[in-house]
Amino acid sequence: HNFDIGFEYAHDDENLLRVGVFHKKIDAPIVEIYQESAGVTVFDNGETAEISGIELEWQHDLGGPWSITGNYTYIDATLNYFVTRSGIDDRELLSTRFPYQPEHILNLNLGYDHEDSGWSANLIYNLTGGYPILLRNSISGGDIVQNEQHSLDFVLRKKWEEDWGDFTMSFGVENLLESERIL
């Protein structure tokens, strides 16, 4: 049971809007589980998973070489898998967020692209919501989670087009906000 459908509307050469929805149902998905008692991770099959969401994307020409683009994704990702309750044969079905699937993703880009000179620059902001990385194996345990992340990056490029070849030189600075990646 999977589908992905999208619509695109271009008002003119300067504005674009895209909307997409998706849904995926997975039987017996493979997930990574942390076994606290042994201090190891193992791969196991969950029972079922469903991942659904909506994607929005827009582009707007600000005039001249300047533009702004952005996209936002909302993800509803549920995994059902069995965890240990008190003994080896005492298991309970647990419903949790599917690993590596944040609820929200947001990207914004302020761009400069001067085709005649070959110079371009992008200031890029990204927000990625928190999500589980490793799942617990018991009802009393806890998932290992990647916390929400913010980043601001800058990329500068110079492109040369010559009769004997094309070249591009890039310079980038990542994480201008000095955000820490915290688990």
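So, here is what we can say about the structure in this document. These figures come from a predicted structure and were not determined experimentally. Every chain's residues receive numbers from 1 upward, in the order its sequence appears when written. Local features in a predicted model are, by the rule used here, given only for residues with pLDDT of at least 70; side-chain atom pairs are given and counted only at 80 or more, and totals for whole chains, interfaces and linings are based on all residues. Side-chain figures throughout are based on the complete set of non-hydrogen atoms in the structure, without hydrogens or water.

## Topic: the overall build of the chain
Part 1 of the argument: In DSSP terms, a helix is any run of H or I states spanning at least four residues, a strand is any run of E spanning at least two, and both are numbered starting from the N terminus. The number of helices and strands found in the chain is 0 helices and 13 strands.
Part 2 of the argument: The N-to-C order of helical and strand elements in the chain reads β-β-β-β-β-β-β-β-β-β-β-β-β.
Part 3 of the argument: Based on the C-alpha atoms only, the size of the chain along its principal axes is roughly 70 × 35 × 35 Å.
Part 4 of the argument: Buried residues are those whose accessible area, probed at 1.4 Å on protein chains only, stays under 20% of the maximum for their type, while exposed residues exceed 50% and partly exposed ones sit between those limits. Looking at the 183 residues of the chain, the share that counts as buried comes to 27%.
Part 5 of the argument: Whether two residues are in contact is decided by their heavy atoms, any of which lying within 4.5 Å being enough. In the chain, the share of contacts with a sequence separation of at least 24, taken over all contacts with a separation of at least 6, comes to 53%.
Part 6 of the argument: Accessible area for the chain stands at about 11900 Å²; split by element, carbon and sulfur atoms hold 53% of it. To measure how exposed things are, a 1.4 Å probe is used in the Shrake-Rupley method; for residues, cover is taken only from the protein chains shown.

## Considerations on the sheet that holds strand E10 (residues 131-136)
Part 1 of the argument: Ordered in space as E4-E3-E10-E11, the 4 strands form an open sheet in which the pairing is mixed. In the strand order of this sheet, the two ends are held by strand E4 (40-45) and strand E11 (144-146), each with one partner. Going across the sheet, the axis of each strand differs from the next one's by a mean of 35 degrees, ignoring polarity.
Part 2 of the argument: We treat two strands as partners when DSSP finds at least two bridges between them. When E10 meets E11, the two strands line up antiparallel, connected through 3 bridges. From the neighbouring strand, Pro 132 faces E11, where its bridge partner is Val 145. Between N-to-C directions, angles cover 0 to 180 degrees, with each direction set by a line fitted to C-alpha atoms, over the stretch in contact for helices.

## Regarding the environment of Leu 17
Part 1 of the argument: Tracing the backbone through its elements, the reader meets Leu 17 in strand E2 (residues 15-27).
Part 2 of the argument: By relative accessible area, Leu 17 is classed as partly exposed at 40%.
Part 3 of the argument: Spatially, the C-alpha atoms of Leu 17 and Glu 92 are 44 Å apart, while their sequence positions differ by 75 residues.
Part 4 of the argument: Ignoring sequence-local partners within four residues, the contact set of Leu 17 consists of Phe 7, Glu 8, Tyr 9, Glu 57 and Trp 58.

## Let's talk about the packing of aromatic side chains
Part 1 of the argument: Stacked, tilted and edge-to-face are the three classes applied to pairs of Phe, Tyr and Trp rings, where Trp contributes its six-membered ring and a pair requires centres within 6.5 Å; stacked means planes under 30 degrees apart, edge-to-face means over 60, and tilted covers the rest. Applying the stated criterion across every chain, the model contains 3 aromatic pairs.
Part 2 of the argument: Here the aromatic rings of Trp 164 and Phe 167 are separated by 5.3 Å at their centres, their planes lie at 55 degrees, and the arrangement is tilted.
Part 3 of the argument: Residue classification places Phe 167 among the partly exposed residues on the basis of a relative accessible area of 42%.

## Considering the side chain of Ser 120
Part 1 of the argument: With respect to the helices and strands, the residue Ser 120 is situated in strand E9 (residues 119-128).
Part 2 of the argument: Accessibility expressed as a relative area gives 12% for Ser 120, which makes it buried.
Part 3 of the argument: Residues in contact with Ser 120, not counting those within four places in the same chain, are Tyr 112, Asp 113, Val 155, Leu 156 and Arg 157.

## Digging into a negative patch on the surface
Part 1 of the argument: Exposure above 30% relative accessible area and no salt bridge define the residues that can form patches, which grow by joining like charges within 9 Å and nonpolar side chains of Val, Leu, Ile, Met, Phe, Trp and Tyr within 5 Å. One side-chain nitrogen of Lys or Arg within 4 Å of one carboxyl oxygen of Asp or Glu is enough to make a salt bridge. When charges are counted, neither His nor the chain ends are considered; positive counts come from Lys and Arg and negative counts from Asp and Glu. By convention, charge coordinates are those of NZ in Lys, CZ in Arg, CG in Asp, or CD in Glu. Where like charges cluster on the molecular surface, the negative patch consists of Asp 113, Glu 115, Asp 116, Glu 161, Glu 162, Asp 163 and Asp 166.
Part 2 of the argument: Relative to the helices and strands, Glu 162 is located in strand E12 (residues 149-162).

## Let's talk about the nonpolar core
Part 1 of the argument: In this structure, Val 31, Ile 51, Leu 79, Tyr 81, Phe 98 and Leu 135 are the most contacted members of the largest nonpolar core, which totals 13 residues.
Part 2 of the argument: In terms of residue count, strand E6 (residues 66-84) provides more of this core than any other element does, 5 residues in total.
Part 3 of the argument: Residues in contact with Ile 51, not counting those within four places in the same chain, are Phe 22, His 23, Lys 24, Ile 26, Ile 75, Asp 76, Ala 77, Phe 98 and Gln 101. Residues belong to a common nonpolar core when they are buried Ala, Val, Leu, Ile, Met, Phe, Trp, Tyr or Cys residues joined through side-chain atoms within 4.5 Å.

## What about the side chain of Asn 122?
Part 1 of the argument: Secondary-structure assignment places Asn 122 in strand E9.
Part 2 of the argument: Separated by 3.1 Å, the side chains of Asn 122 and Asn 109 make a polar contact.
Part 3 of the argument: Setting aside anything within four residues of it in sequence, one finds Asn 122 in contact with Asn 109, Leu 110, Gly 111, Asp 153, Phe 154, Val 155 and Arg 157. Residues adjacent in sequence count toward polar contacts only when both atoms are side-chain atoms; beyond that, a polar contact is any pair of N or O atoms within 3.5 Å, and within protein one must be able to donate a hydrogen and the other to accept it.

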